[in-house]
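So the chains spell out like this:
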Amino acid sequence: MDDDDLSVRLKAYEGRPAAVAGTGRDPVNLPMIRHWCEALGDTNPAYTGPGAVAPPTMLQVWTMGGLGGHTARTTAYDELLGLLDAAGCVAVVATDCEQEYLRPLRPGDEITFDTVIESVSARKTTRLGSGYFVTTRTDVRAGGELAGTHRFRILKYAPAARQRTAPRERRPRPVVNRDNAGFWAGVERGELLIQRCVGCRTARFPWLPGCPDCGGPDWDTVRASGEGTVHSYVVMHHPPFPAFTEADDTEGAERAEGAEAAAGPYAVGLIELAEGVRMVSNVIGVPYDKVRIGMPVRLEFRRYDDELVLPVFRGGTP
């Protein structure tokens, strides 16, 4: 099937329903509103108290089916995606969404919705690969009244072939300014320096021009012992970034051939140093799925790309 024939078949799905008479798994409720506001740091008083309304940007939240999915989904959308899969467009990435708000949603509102396949683009070429943009429109109702519209767009594409000759990706460089230049100078010497207020003797990290406790402008430094524990951590799975790989686990500065291309998951830890401050860095020396809160770690300085020195923390220190 050539592109013209495929485009004709894809266009035939425009206007067909993707979900019919869907219902929200839960009515609009204060606990979900509270979790949303806490996650986003939104302290608007309109979202609390007896007369609370839901943040407008939660519009899609009330239509989500969770891991089990929605029973209201039609076969048309699955057929459309299957047609694209058969054409080699086996990868998908969300690109953007648009929302229109017609009335506020309030705790207790029962949500219903319908979704339609609004448009399928002509074949487009992107950095990820060539494929088709598919846009769906969901009309969200509360008590039968239209409350808002949510448009969601994905790119269903055939992944572009990776060039084996492409240069190895480099780690991002830190932004060095007059407030933190002393820290990075210490790293170059193999020292992890922590600021300490001259007035109240409070240690602080990251480096700041003044003390956040007493406001004093004067400070000196303390050299960190290098002992620490994992206070918290995340495992980065996506997007894959070859500059951050399990090549960190290889001993010494040399990496195994091809290790930089692995682009596997990696652990980023919030490390609590023995001096009482915390910093974010990579946890190395242990598999990413073995990092645990409370794990002891030890400071190391690693050189990357033959020029960049970074403080990292080796896990599993007894």
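That block above? That's the structure.
Residues numbered from 1 in each chain as written. Predicted model: local features only at pLDDT ≥ 70, side-chain atom pairs only at ≥ 80, totals over all residues. Heavy atoms only, no water.

Chemist: When you look at the overall build of the chain in this model, what are you seeing that I'm missing?
Modeler: Within the chain one finds four helices and 14 strands. For the C-alpha atoms alone, the extent of the chain along its principal axes is close to 65 × 60 × 35 Å. With 318 residues in all, the chain has 38% of them scored as buried. Here the contacts in the chain between residues at least 6 apart in sequence split such that 67% fall between residues at least 24 apart. (Helix = DSSP H or I, 4+ residues; strand = E, 2+ residues; numbered from the N terminus. Buried < 20%, exposed > 50% of the residue type's maximum accessible area, 1.4 Å probe, protein only. Contact = heavy atoms within 4.5 Å.)

Chemist: Hey, could you run me through the pairing of strand E3 (residues 111–120) in this one?
Modeler: Note: strand E1 (residues 17–23) against E3, four bridges, orientation antiparallel. Along E3, the bridge assignment pairs Gly-22 with Phe-113. With nine bridges connecting them, E3 and strand E5 (residues 129–142) associate as antiparallel partners. Paired with Ser-119 across the two strands is Thr-135, which belongs to E5. (Pairing = 2+ DSSP bridges.)

Chemist: I keep staring at unusual backbone geometry and nothing clicks. Help me out?
Modeler: Negative phi characterises most residues that are not glycine, and trans characterises most peptide bonds. Omega for the bond connecting Phe-205 with Pro-206 falls within 30 degrees of zero, at 5°, which places this linkage in the cis form. Relative to the assigned elements, Pro-206 resides in the loop between strand E8 (203–204) and strand E9 (219–223). Despite not being glycine, Asp-305 shows a phi value in the positive range, around 55°. Tracing the backbone through its elements, the reader meets Asp-305 in the loop between strand E13 (296–304) and strand E14 (308–315). A positive phi angle is found at Asp-306, which is not glycine, with a value near 65°. Mapped onto the elements, Asp-306 comes out in the loop between E13 and E14.

Chemist: Where do I start with the sheet that holds E9 in this structure?
Modeler: By way of backbone hydrogen bonds, the strands of a sheet pair with one another, either parallel or antiparallel. In space, the three strands of this open sheet follow the order E8-E7-E9, with antiparallel pairing throughout. Each edge of the open sheet carries a strand with a single partner, namely E8 and E9. Relative to E8, strand E7 (residues 193–197) runs antiparallel, the two being bridged by two bridges. The partner of Arg-196 across the bridge, within E8, is Ala-203.

Chemist: How do you make sense of the sheet that holds strand E12 (residues 278–284) when you look at a structure like this?
Modeler: An order of E10-E11-E12-E14-E13 is seen for the five strands of this closed barrel, with the pairing classed as mixed. Ignoring strand direction, the axes of neighbouring strands in this sheet form an average angle of 50°. Note: E12 against E14, two bridges, orientation parallel. Looking at the pairing, Val-283 lines up with Phe-313 of E14. Here helix H4 (residues 181–188) sits on the sheet in contact with E13 and E14, set at roughly 75° to E14. (Axes fitted to C-alpha atoms, helices over the stretch in contact; angles between N-to-C directions.)

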